[in-house]
Amino acid sequence: MNKSSKRPPAGLPDKDTLLAFLREAGSAEKTDIARHFGLKGGDRRALREMIRELEEEGKLGKRGRKGFAEAGALPPVGVADVIERDGDGELYVRLVEASADAPRAILMPDKGKPGPAPGLGDRLLVKFQRGGEGWEARLIKKLDVGTNRVLGVIRKSARETRVEPVDRRSKDVLLVPQAQSGDLRDGDLVLAAIEKGEQRYGPKRGKILEHIGKEDDPRAASLIAIHAHGVPTGFSEAVEREAEDQALPTLKGREDLREVPFITIDPADARDHDDAVYAARDEDPKNEGGWIVWVAIADVAAYVRPGTQLDREARDKGNSTYFPDRVEPMLPEVLSNGLCSLKEGENRACMAVRMVFDRNGRKTGHRFVRGLMRSHAKLSYEQAQAAIDGQPDDATGPIMETILYPLWNAYHTMLKGRLKRSPLQIESAERRIRMAPDGGIASIEKRTSLEAHRLIEEMMIQANVCAAETLEQKKTPLIYRVHDAPSQEKIFNLADFLSTIGKPWNKGEPGTTKRFNKLLDETRDGEHADVVNEVVLRTQMQAIYSPENVGHFGLNLDRYAHFTSPIRRYSDLIVHRGLIRALGLGKDGLTDREIAELPAIAEGVTMTERRSMAAERDAMDRYIAAFLEDRVGATFTGRITGVTRFGLFVRLEDTGADGLVPVSTLGSEYFTHDDRAHALVGERSGKRFTLGRMVEVKLVEATPVTGGLVFEMLSEPEPRDPNAPAPRYGIRGRGGDGPPMRGKNRLGGPKPRNGSRPSGGLKGVRKGKRR
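Cut-offs applied
Residues numbered from 1 in each chain as written. Predicted model: local features only at pLDDT ≥ 70, side-chain atom pairs only at ≥ 80, totals over all residues. Heavy atoms only, no water. Helix = DSSP H or I, 4+ residues; strand = E, 2+ residues; numbered from the N terminus. Buried < 20%, exposed > 50% of the residue type's maximum accessible area, 1.4 Å probe, protein only. Areas by Shrake-Rupley, 256 points an atom, 1.4 Å probe, with all protein chains shown as cover. Pairing = 2+ DSSP bridges. Axes fitted to C-alpha atoms, helices over the stretch in contact; angles between N-to-C directions. Polar contact = N/O pair within 3.5 Å; in protein donor to acceptor, adjacent residues only side chain to side chain. Contact = heavy atoms within 4.5 Å. Parallel < 35°, antiparallel > 145°, perpendicular 65-115°, else oblique. Left-handed = near helix turned anticlockwise from the far one by under 90°. Nonpolar A, V, L, I, M, F, W, Y, C, P; charged D, E, K, R; others polar. Phe/Tyr/Trp six-rings, centres within 6.5 Å; stacked < 30°, edge-to-face > 60°. Salt bridge = Lys/Arg side-chain N within 4 Å of Asp/Glu carboxyl O. Lys, Arg positive; Asp, Glu negative; His and termini not counted. Expected span 1.5 Å × (residues − 1). pLDDT = per-residue confidence, 0-100.

Colleague: Mind showing me how you'd approach the overall build of the protein here?
Modeller: Along the backbone of the protein there are 17 helices and 34 strands. A buried classification covers 51% of the 771 residues belonging to the protein. In the form shown here, the protein has an accessible surface area of approximately 36000 Å², with 47% of it arising from carbon and sulfur atoms.

Colleague: For this particular structure, what's the right way to read the sheet that holds strand β31 (residues 679-682)?
Modeller: Within a sheet, adjacent strands bond to each other through the backbone by hydrogen bonds, running parallel or antiparallel. Taken in spatial order, the three strands of this open sheet run β30-β31-β32, and their pairing is antiparallel. Two strands bound the open sheet, and with one partner strand each, they are β30 (671-674) and β32 (688-690). Recorded for the sheet is a direction-independent mean angle of 20 degrees between the axes of neighbouring strands. As paired strands, β30 and β31 are joined by four bridges and run antiparallel to one another. Residue pairing for β31: Asp-674 is matched across the bridge by Ala-679.

Colleague: So what exactly am I meant to see when it comes to the side chain of Thr-513 here?
Modeller: Relative to the helices and strands, Thr-513 is located in helix α13 (residues 513-523). Within the structure, the side chain of Thr-513 is placed 3.4 Å from the side chain of Asn-556, a separation counted as a polar contact. Filtering out sequence-adjacent residues up to four positions away, Thr-513 remains in contact with Arg-421, Ser-422, Pro-423, Leu-424, Phe-553, Gly-554 and Asn-556.

Colleague: How should I be thinking about the packing of helix α10 (residues 400-421) against helix α11 (residues 451-473) in this particular structure?
Modeller: Each pair of packed helices gets described by two things: the angle between the helix axes and the distance between those axes. Axis separation between α10 and α11 bottoms out at 10 Å; the angle between their running directions is 65 degrees. It follows from the interaxial angle that α10 and α11 lie roughly perpendicular. Taken as a pair, α10 and α11 cross one another with a handedness that is left-handed. Seen from α10, the contacting residues are Leu-407, Trp-408, Tyr-411, His-412, Met-414, Arg-418 and Arg-421; seen from α11, they are Glu-451, Ala-452, Arg-454, Leu-455, Glu-458, Met-459, Ile-461 and Gln-462. Considering only residue class, the contact of α10 with α11 consists of eight nonpolar, two polar and five charged.

Colleague: Please explain the packing of aromatic side chains as it appears in this structure.
Modeller: Each aromatic ring pair is described using two quantities: the centre-to-centre distance and the angle formed by the ring planes. As enumerated under the stated definition, the model contains seven aromatic pairs in all. An angle of 75 degrees between the planes, with centres 5.6 Å apart, marks the rings of Phe-21 and Phe-37 as edge-to-face. A residue pair is termed long-range when its members are at least 10 positions apart, and Phe-21 in helix α1 (residues 15-25) and Phe-37 in helix α2 (residues 30-37) qualify at 16 residues. With a relative accessible area of 15%, Phe-21 lands in the buried category. When its relative accessible area of 24% is taken as the criterion, Phe-37 is described as partly exposed. Taken together, a centroid distance of 5.4 Å and an interplanar angle of 40 degrees make the contact between Trp-505 and Phe-516 tilted. Of the two residues, Trp-505 sits in the loop between α12 (488-500) and α13 while Phe-516 sits in helix α13, which places them eleven residues apart along the sequence.

Colleague: Would you mind going over unusual backbone geometry with me for this structure?
Modeller: Only a minority of non-glycine residues have a phi that is not negative, and only a minority of peptide bonds are not trans. For Lys-475, which is not glycine, the phi dihedral falls at a positive 55 degrees. Its place among the elements puts Lys-475 in the loop between α11 and β25 (480-482). Lys-475 sits in the exposed class, given a relative accessible area of 75%.

Colleague: Would you mind showing me how to read the packing of α13 against helix α14 (residues 529-539) here?
Modeller: Closest axis-to-axis distance for the α13/α14 pair is 9 Å, and the angle between their directions is 165 degrees. As judged from the angle between their axes, α13 and α14 are roughly antiparallel. When you trace α13 past α14, the crossing you get is left-handed. Note on element contacts: α14 touches α13 through Ala-529, Val-532, Asn-533, Val-536 and Thr-539, opposite Phe-516, Leu-519, Leu-520 and Thr-523. Residues of the contact of α13 with α14, tallied by class, amount to six nonpolar, three polar and no charged.

Colleague: I keep staring at the pattern of salt bridges and nothing clicks. Help me out?
Modeller: Side-chain pairs of opposite charge can arise whenever the charged atoms involved come near each other. The final tally for this structure, using the stated rule, is 44 salt bridges. The salt bridge partner of Arg-370 is Asp-588, with a shortest N-O separation of 2.9 Å. Of this pair, Arg-370 sits in strand β21 (residues 363-374) while Asp-588 sits in the loop between α15 (570-583) and α16 (592-596), and the two are 218 residues apart along the sequence. For the pair Arg-370 and Asp-588, a shared accessibility class is recorded, and that class is buried. Of the charged contacts, one joins Lys-503 and Glu-522 as a salt bridge, the two residues approaching to 3.3 Å between their closest N and O atoms. In this pair, Lys-503 sits in the loop between α12 and α13 while Glu-522 sits in helix α13, placing the two residues 19 residues apart along the sequence.

Colleague: Would you mind showing me how to read the sheet that holds strand β13 (residues 204-214) here?
Modeller: Within the closed barrel, the five strands sit side by side as β9-β10-β11-β13-β12. Their pairing is mixed. The mean angle between the axes of side-by-side strands here comes to 50 degrees, regardless of whether they run parallel or antiparallel. Alignment of strand β10 (residues 161-165) against strand β11 (residues 174-176), held across three bridges, turns out to be antiparallel. By the bridge assignment, Arg-162 is partnered in β11 with Leu-175.

Colleague: Explanation requested: the side chain of Arg-611 in the structure shown.
Modeller: Along the polypeptide, Arg-611 turns up in helix α17 (residues 598-628). Buried Arg-611, no salt bridge; nearest opposite-charge side chain is Asp-316, N-O distance 7.9 Å. Among all residues touching Arg-611, those that are not within four sequence positions of it are His-229, Gly-230, Val-231, Pro-232, Asp-316 and Lys-317.

Colleague: Can you walk me through α17 in this structure?
Modeller: Along an α-helix, residues three or four apart share an orientation, since each turn contains 3.6 residues. With 31 residues, α17 ought to run about 45 Å at 1.5 Å a step, and its terminal C-alpha atoms sit 45 Å apart, in line with that. Counted residue by residue, α17 has 22 buried out of 31 residues, so it is predominantly covered.

Colleague: Just to check I follow, could you spell out the pairing of β10 for this structure?
Modeller: If a strand is regular, its side chains alternate between the two faces of the sheet. Of the two faces of β10, the one holding Thr-161, Val-163 and Pro-165 is buried and the one holding Arg-162 and Glu-164 is not buried anywhere. Taken together, the five bridges between strand β9 (residues 149-156) and β10 define a ladder with antiparallel strand orientation. In the sheet register, Arg-155 faces β10, and the bridge partner there is Arg-162. Hairpin connection, β9 to β10: the antiparallel pair is bridged by four residues.

Colleague: Which parts of the structure should I look at to understand helix α5 (residues 220-228)?
Modeller: Most of α5 is tucked away: seven of the nine residues are buried. Burial in α5 covers these residues: Ala-220, Ala-221, Ser-222, Leu-223, Ile-224, Ala-225 and Ile-226. Where α5 is buried, its residues meet β9, β12 (188-194), β13, β19 (327-328) and α17. Positive backbone phi, at 70 degrees, marks Gly-230, one or two positions downstream of α5.

Colleague: Would you explain the confidence of the model for the protein in this entry?
Modeller: Interpreting fine coordinate detail is not advised for predicted regions of low pLDDT. Taken over all residues, the pLDDT of the protein has a mean of 84, while the share at 70 or more is 87%. Long-range and interchain partners of residues 1-10, a stretch whose pLDDT sits below 50, account for twelve contacts in this model, where long-range means more than four residues apart. For residues 730-769, every residue scores under 50 in pLDDT, and the model assigns this stretch 104 contacts once sequence neighbours within four places are set aside.

Colleague: Help me out: how do you make sense of the pairing of strand β33 (residues 694-703) in this one?
Modeller: Bridge count between strand β27 (residues 635-644) and β33: five bridges; the pairing is antiparallel. Across the sheet, the residue bridging to Phe-636 is Val-697, located in β33. Alignment of β33 against strand β34 (residues 708-713), held across six bridges, turns out to be antiparallel. Bridge pairing links Thr-703 to Gly-708 in β34. Taken together, β33 and the strand that follows it, β34, pair antiparallel across an intervening segment of four residues, in which Gly-707 is found at a positive phi of about 80 degrees.

Structure below.
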């Protein structure tokens, strides 16, 4: 008889009783459980053993630092973060102190709650309950810090001055007192506070806290996004002084790498260069056909040391945030564009890894060094690619044989290993906004994916793997970049959708990267290529930082840590410090205090990354809306990228702009949301608008200050699916009662504010920064 099947000692609850108690309590610590059952002495030791057995059996999970809860259960009431919006516009929350096995819950609409609707990143107090298809969360109240503040635009009339919020979810229009409105002008961007006090009628009163700029300022989109998402700006005087008080690097404690002909390959407009590469054939006769690949990364840890004010502000920022017209850097410019930037011809401190690959692209070894290097050339992606394609220039011509050809040959060898590993091959089109000299928008264009991009990305990925492997080998704690496998729920939803287009997927079949890639390859040249790519993308989980390793599903790697961008990511700086500590490379390595704080650091940098992504996305939306403002009434070709109960999201082909076609404008009949087929279906005709379909739309509204676009559908719906059941409801006019949709308003409740849209799943990657 095994231990888990033994009868518990007298005085202890049995396992079912213990689980029933935790189910009712939500969660409890060991001391609380012992106190509830009146356990002492040996019974407490037996309780600890029972809890350990239940954990091993997968029936019990951690909750917070010391608590326990039934595996897969949620408490009756809890604090949760809005973590995701799916392709159908539904919001999902996760308990703040959730264990790895804690489920997410769908946020159910509640029209009775006043104020703006919750959105991504909001922290809520919610009531959890089991629903028919999983856990549901109902809002009790929002807990956001700073919810009494409104970022808005001044609107003046002869009688009053108001602040209209730029957040399209907010309904807080504020009335500004006359005493404050004298110096304000119509169109001013301001930050205002909602005045406290009971007010039963009319708009709320507001107090101006800060004048930010003008609504028509070409930079307004970035300014609004920065303030709306709370992106930290600038640096304190103490930090600026600390950054300036740094010495040039020397060879003391470093390996001399200045004769290794490293080069940097970056975007043409890059101002900082945190990685450099070099490759050469391996002369070891035992590794015939193999390659030596060097990746050198700026040694930021030499300048940003633990416990300094510079370190504290870098941790608060978490990462750099990139906008079309500016960057809000993690580090002051004297470092990010100076001592920590691997500039051509200048000595720079670096952390470098020397990797060895065999002829089949398998990494056979690596070692890290703390070195002094000097970049031999600064190239753009386009410049390097043109040289390889037979069009060298004055900079690339002299280094073709010695540097560029070896780099490309090494990459093609590494590519064999990558193809065997079979990372996820989702295609994601990125757009780039080109700014005009006057601050306006010159153009919006697709980013071209070059082999030069993929070369740098693969070399950075391999360097990141080496960092994780070394720290694990040295038993040094670290922050992993983890990307969990898709949940069973997401796989089931994918299988349901694929059945509607005749692509079988067994629901019991695991969702491996090879299986996903097989699906993408099978549909790549067919009519469903784009929609399958979109749905597979939405099936994926979101990558996060964590001191606990679950691997990186998308890259199909067992261990992965961000090491290659310490100028712009605090997570990478922590990994650098870990390597310094593990390998005895200096006194500025990871501290014991930082090791104890790794869970909090990982959670913090995950939050700041998502904050930056949301701000960057919002700024992009506003810039695109400004670009299209004078084209209201024009017709565009686009693709349906989102289907919700309140309408269709359409992405324009030429600009990548996303906008909404409200369901109320689709025609003379009711359209219901078929979430399984990702379609809006006419109740009486059965005609459909489906995800991925190309359509013609007319732009009817563009609002730059909110980034909202509203379209009118010009294309006719597709014919009724012949395999679908006949419509259950007869012909009715627009005012008739409609069928229920599992407790939801079948028209999606009130019409959303213009331009609201779901977030975009996995974003494109700038040199591997967010993989």
